[in-house]
Amino acid sequence: MPYEQLEIKTPAPVLSWANHELGSEETKMAKNVASLPFVFKHVALMPDVHLGKGALVGSVIATKEAIIPAAVGVDIGCFVGDTLVPLVDGQCYRIQDLAEQGNEFIIYTCTPTGKIVAAQANAKLTRKNAPLVKVILDNDEEIICTPDHQFMLRDGTYKKAELLQPETSLMPFYSRIDKDGYTLISQPYSSRWHKAHWIVARSGLLGKIPRFEGQITVIHHRNFQTSDNRPENLEFMGNNEHSAYHRSLVENNQHWQSPEFEQKRIASLAHKATTPEGYQYYAERGTRNILQYMQQQPEHFKNAVADNGMRGKQYLIAYNTSEKGKAKSQEIANRYYKCEICGASIKTPIGLHNHRKKEHQCNHKVVAVIPLNYTEDVYCLSVPEYHNFALKAGVFVHNCGMSAIKTPFTGEQLEGKLKKIRLDIEAAIPTGFNENKEVEKSVTNWQHWHDFKNLHKGVQDLQSKAMRQMGSLGGGNHFVEVCLDTENQVWLMLHSGSRNIGNQLAQCHISTAKELAKLAGNKLPDPDLAYFITGTPEFQAYWHDLQWAQDYARVNRDVMMARFKRIIEKHLAGGKLTKSLLQVNCHHNYAEKEVHFGEDIYVTRKGAVRAQTEDYGIIPGSMGAKSFIVKGKGNAHSFCSCSHGAGRLLSRNKAKNTYTLDDLIEQTKGVECRKDTGVLDEIPGAYKPIDQVMNNQADLVEVVATLKQVVCVKG
């Protein structure tokens, strides 16, 4: 058995994955937590466990009807089981059925700039008997979800269901089937309809899109079901070989040589010319043919184009002044076009464009949000890279969320550039107690600043500071790193949290909890284990502030990662924007409502990461050591958790007294980083060996990628 039950006499057992004896202070801390009356089942200690405040860092504490304000937390928003989710196979499925099947599937998701792509996802039961609201849209669709579930707004930001107001504009998801049976998706960023199979292909799910010499690249549906866009049903072909393949089927189906098919084929080629790929192909082919003709038959070309305009002019004038020409012009001017969103008939293409802009703004709008007086079990999807998914109702919603991205760059491209990259990172991302001199637009546009006035009264003078600190690293074990995996691929990784505002909120609520414990005469083994009981105003205020702080931490990482990525693109791609191959974003030091052993509980992960089945996570080593990208195995005994790093062997003061600057230089050899006494407490020797930590949790996670840092910026 990978874990052991510690021999501690407490009401709740303590299970440890640390594979070593706890010190006396660590044992006392574990015993204090496991003695609390509301602890559920047992306390789980991760391999990186070490002393913390109130509870051990690296501990997972499941509780019923109470929570200890020792970590920053965020609730999970979810949907009732009948909620329909469209998949790329052309069908819509109940989210409960997707969860019960337990398989991965491919959904439609949206980037913050309004580009719809396809991505892998899985579904889970997340909460039982959850409170609900009904969100009514202007397309008459109704969505029943938890009040805290976040909907994607038209500008790419998110807002909780309970905070949506009538006329709030949401990111739209429009789809339809064309006359040939192909699924079309309207791209919010351009309002153009794109074929779903090309969206799947451009999302990288079919591998690199090939070029066929002298042919147009097309996508063949293997089962001839043109609405089934699962990657395994799609195959790249050149248009000539695609036509030849269909001709080879003539013996089995005369349809392929019929006049009807030929008309469809010609119409399809004409339509292809209106697509960006087709237009480019025909333009390039036409240019080559004309240039070849001009070079090979110059005299004939001159004679052919002589008096071109004059010859056609007389015919054009005659036609336009004829009864037939006048009738045609009048018919075109009075032609009606159907709005694919609402079905209205609109006169002229310009009129249709203006109608869309005025009536729809290319998005759905909220009509009402109604609290419901019943509860249900609820479900959600996990979409690791994009963190949102489309509903059949026609909108995008957030899925449940250190930060890391896999880039398209390789290690060879970093040669000779490491120091310049580090200096650029240090210039762009404030560290330690520093903050941004100017607040960028993406920060001021964050939707939750309007809710600042509802946070604890003890932080009301900190909003301007919180705005300046968003997009800053902080100190301690926080870092920004450039890493290489075992295939020499470049990864970007950073670790940060909710900065000063998160700490101040925690201190305010911890102080309140201690005051309540004192008034109630509660004799706690440690004052830092003071707690709030569910249903009380203090609990509700705390939970609200935790959610706000956790959202702040996520956006803080997003802002830094965007700057970090631009720096790498500047040095490795000449400033050209690139697409990430994989994105991972996970929280630690937080609490969630979850379902474990068939019951609704609160899970506090203090220095631990959620590791449910297929969850992506990050387990970094110390500066100079390896780090790991992992997938969770959903181990029930750990409450589906794993470690958030290597864990400290030595306190910061002890590390400074034990090691020298020469030790730091030796232990960080090969890493471009600060090598001064200011980061001596972060020396690799102060941390547990990461390989041992990973071996101890082989039953909790599987390794997806092994990374070695080459640039490290510390706070």
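Residues numbered from 1 in each chain as written. Predicted model: local features only at pLDDT ≥ 70, side-chain atom pairs only at ≥ 80, totals over all residues. Heavy atoms only, no water.

**Overview of the overall build of the chain**
Secondary structure assignment for the chain yields 18 helices and 37 strands. Projecting the C-alpha coordinates of the chain onto the three principal axes gives extents of approximately 100 × 65 × 55 Å. For the chain, the residues scored as buried account for 52% of the 715 residues in total. In the chain, the 84 positive side-chain charges and the 78 negative ones have mean positions that sit 6 Å from each other. (Helix = DSSP H or I, 4+ residues; strand = E, 2+ residues; numbered from the N terminus. Buried < 20%, exposed > 50% of the residue type's maximum accessible area, 1.4 Å probe, protein only. Lys, Arg positive; Asp, Glu negative; His and termini not counted. Charge placed at Lys NZ, Arg CZ, Asp CG, Glu CD.)

**Examining the environment of Gly207**
Along the chain, Gly207 falls in the loop between α3 (196–202) and β18 (217–221). Relative accessible area serves as the criterion here: at 36%, Gly207 is assigned to the partly exposed category. Each C-alpha atom of the pair Gly207 and Pro231 lies 9.7 Å from the other, and the pair is 24 residues apart in sequence.

**Side note on the packing of aromatic side chains**
Under the criterion given, the structure shown has 20 aromatic pairs. Consider the rings of Phe79 and Phe389, whose centres lie 6.1 Å apart with planes at 75°: the pair is edge-to-face. A residue pair is termed long-range when its members are at least 10 positions apart, and Phe79 in strand β6 (residues 79–80) and Phe389 in strand β23 (residues 388–390) qualify at 310 residues. For Phe389, a relative accessible area of 0% gives the class buried. A network of ring pairs unites the aromatic residues Trp446, Trp449, Phe452, Trp548 and Tyr552 as a single cluster. Above the plane of the ring of Trp193 lies Arg176, whose end atom (NZ or CZ) is 4.5 Å from the centre. (Phe/Tyr/Trp six-rings, centres within 6.5 Å; stacked < 30°, edge-to-face > 60°. Lys NZ or Arg CZ within 6 Å of the ring centre and 35° of its normal.)

**Thoughts on the nonpolar core**
Most often, soluble globular proteins have nonpolar side chains that are buried together. In terms of nonpolar packing, the biggest core is built from 49 residues, with Trp491, Met493, Ile629, Phe639, Ile690 and Val701 touching the most fellow members. Counting residues per element, this core draws most heavily on strand β37 (residues 701–714), which supplies four residues. Apart from residues lying up to four places away in sequence, Ile690 is in contact with Ile619, Pro620, Gly621, Ala625, Lys626, Phe628, Gly645 and Ala646. Membership of the second largest hydrophobic core comes to 39 residues, among which are Cys78, Leu153, Leu164 and Tyr379. (Core = buried A, V, L, I, M, F, W, Y, C linked by side-chain atoms within 4.5 Å. Contact = heavy atoms within 4.5 Å.)

**Overview of the sheet that holds strand β15 (residues 175–177)**
Within the open sheet, the three strands sit side by side as β15-β16-β17. Their pairing is antiparallel. Single-partner strands in this sheet number two, and they are β15 and β17 (193–195). Averaged over all pairs of adjacent strands, the angle between their axes in this sheet comes to 35°, without regard to strand direction. Note: strand β16 (residues 183–186) against β17, three bridges, orientation antiparallel. Considered in β17, the bridge of Ser186 is made with Trp193. (Pairing = 2+ DSSP bridges. Axes fitted to C-alpha atoms, helices over the stretch in contact; angles between N-to-C directions.)

**Focus: the packing of helix α11 (residues 418–428) against helix α15 (residues 537–573)**
The geometry of α11 relative to α15 is characterised by a closest axis approach of 10 Å and an angle of 150° between their N-to-C directions. Viewed along their axes, α11 and α15 adopt a mutual orientation that is roughly antiparallel. For α11 against α15, the interelement crossing comes out right-handed. Within the contact between the two elements, α11 uses Lys420, Ile421, Asp424, Ile425 and Ala428 and α15 uses Arg563, Phe564, Ile567, Ile568, Lys570 and His571. Taken together, the residues of the contact of α11 with α15 break down into six nonpolar, one polar and four charged. (Parallel < 35°, antiparallel > 145°, perpendicular 65-115°, else oblique. Left-handed = near helix turned anticlockwise from the far one by under 90°. Nonpolar A, V, L, I, M, F, W, Y, C, P; charged D, E, K, R; others polar.)

**A look at the sheet that holds strand β3 (residues 39–50)**
Taken in spatial order, the six strands of this open sheet run β1-β2-β3-β4-β31-β30, and their pairing is mixed. Bordering the open sheet on either side are β1 (4–5) and β30 (590–596), each of which pairs with just one other strand. Sheet strands in contact with helix α1 (residues 24–34) are β2 (14–16), β3 and β4 (57–63), and its direction is about 155° off that of β3. Running at roughly 105° to β30, α15 makes contact with β30 and β31 (599–606) of the sheet.

**Description of the confidence of the model for the chain**
Per-residue pLDDT for the chain has a mean of 86; in total, 92% of the residues score no lower than 70. Looking across the chain, the model is least confident in helix α10 (residues 349–360), with a mean pLDDT of 68, and most confident in α3, with 96. (pLDDT = per-residue confidence, 0-100.)

**Here we look at the pattern of salt bridges**
For the structure on display, the rule yields 31 salt bridges. Put simply, Glu592 and Arg605 hold a salt bridge, and the shortest N to O gap is 3.8 Å. Taken together, the residues Glu592 in strand β30 and Arg605 in strand β31 connect sequence positions 13 residues apart. Taken as a pair, Glu592 and Arg605 share a single burial class, namely buried. Through salt bridges that share partners, Glu592, Glu594, Arg605, Arg610 and Asp615 make up one connected network. (Salt bridge = Lys/Arg side-chain N within 4 Å of Asp/Glu carboxyl O.)

**Describing the pairing of β37**
With seven bridges connecting them, strand β26 (residues 479–485) and β37 associate as antiparallel partners. By the bridge assignment, Asp485 is partnered in β37 with Leu707. Bridge count for strand β34 (residues 626–632) against β37 is seven bridges, and the pairing is antiparallel. Of the residues in β37, the one forming a bridge with Ser627 is Leu707. In terms of strand pairing, strand β36 (residues 672–673) meets β37 through two bridges, oriented parallel. Residue pairing for β37: Glu672 is matched across the bridge by Val711. Regarding topology, helix α18 (residues 690–696) serves as the crossover connection from β36 to the parallel β37, and that connection is left-handed. (Right-handed = clockwise from strand over helix to strand, strands pointing away.)

**Describing the environment of Ala161**
Locating Ala161 in the fold gives a position in the loop between β13 (158–160) and β14 (169–170). Judged by its relative accessible area of 0%, Ala161 is buried. Considering only alpha carbons, one finds Ala161 and Glu241, 80 residues apart in sequence, at a separation of 50 Å. Excluding anything up to four places from it in sequence, Ala161 contacts Val133, Val135, Cys145, Thr146, Pro147, His149, Phe151 and Val369.

**Considerations on the side chain of Ser496**
Checked against the element boundaries, Ser496 lands in the loop between β27 (489–495) and α14 (499–520). Taking relative accessible area as the criterion, Ser496 reaches 3% and is therefore assigned buried. Within the structure, Ser496 has its side chain in polar contact with the backbone oxygen of Leu473 (distance 2.8 Å). Within polar-contact distance, the side chain of Ser496 engages the side chain of Asn556 at 3.4 Å. Those residues in contact with Ser496 that sit more than four places away from it in its chain are Ser472, Leu473, His478, Asn556, Arg557 and Met560. (Polar contact = N/O pair within 3.5 Å; in protein donor to acceptor, adjacent residues only side chain to side chain.)

**Side note on a nonpolar patch on the surface**
There is a patch of nonpolar side chains on the surface, built from Ile290, Leu291 and Met294 and spanning about 250 Å² of accessible area. By the secondary structure assignment, Met294 is in helix α6 (residues 276–296). (Patch = residues over 30% accessible without salt bridge, like charges linked within 9 Å, V, L, I, M, F, W, Y side chains within 5 Å. Areas by Shrake-Rupley, 256 points an atom, 1.4 Å probe, with all protein chains shown as cover.)

**Comments concerning the packing of α14 against α15**
It is at 10 Å that the axes of α14 and α15 come closest, and there the two elements cross at 165°. Comparing the axis directions of α14 and α15 gives the class roughly antiparallel. Between α14 and α15 lies a crossing of left-handed hand. Contact residues: α14 offers Arg499, Ile501, Gly502, Leu505, His509, Thr512 and Leu516, while α15 offers Glu538, Ala541, Tyr542, Asp545, Trp548, Ala549, Tyr552 and Asn556. Residues that form the contact of α14 with α15 fall into these classes: eight nonpolar, four polar and three charged.

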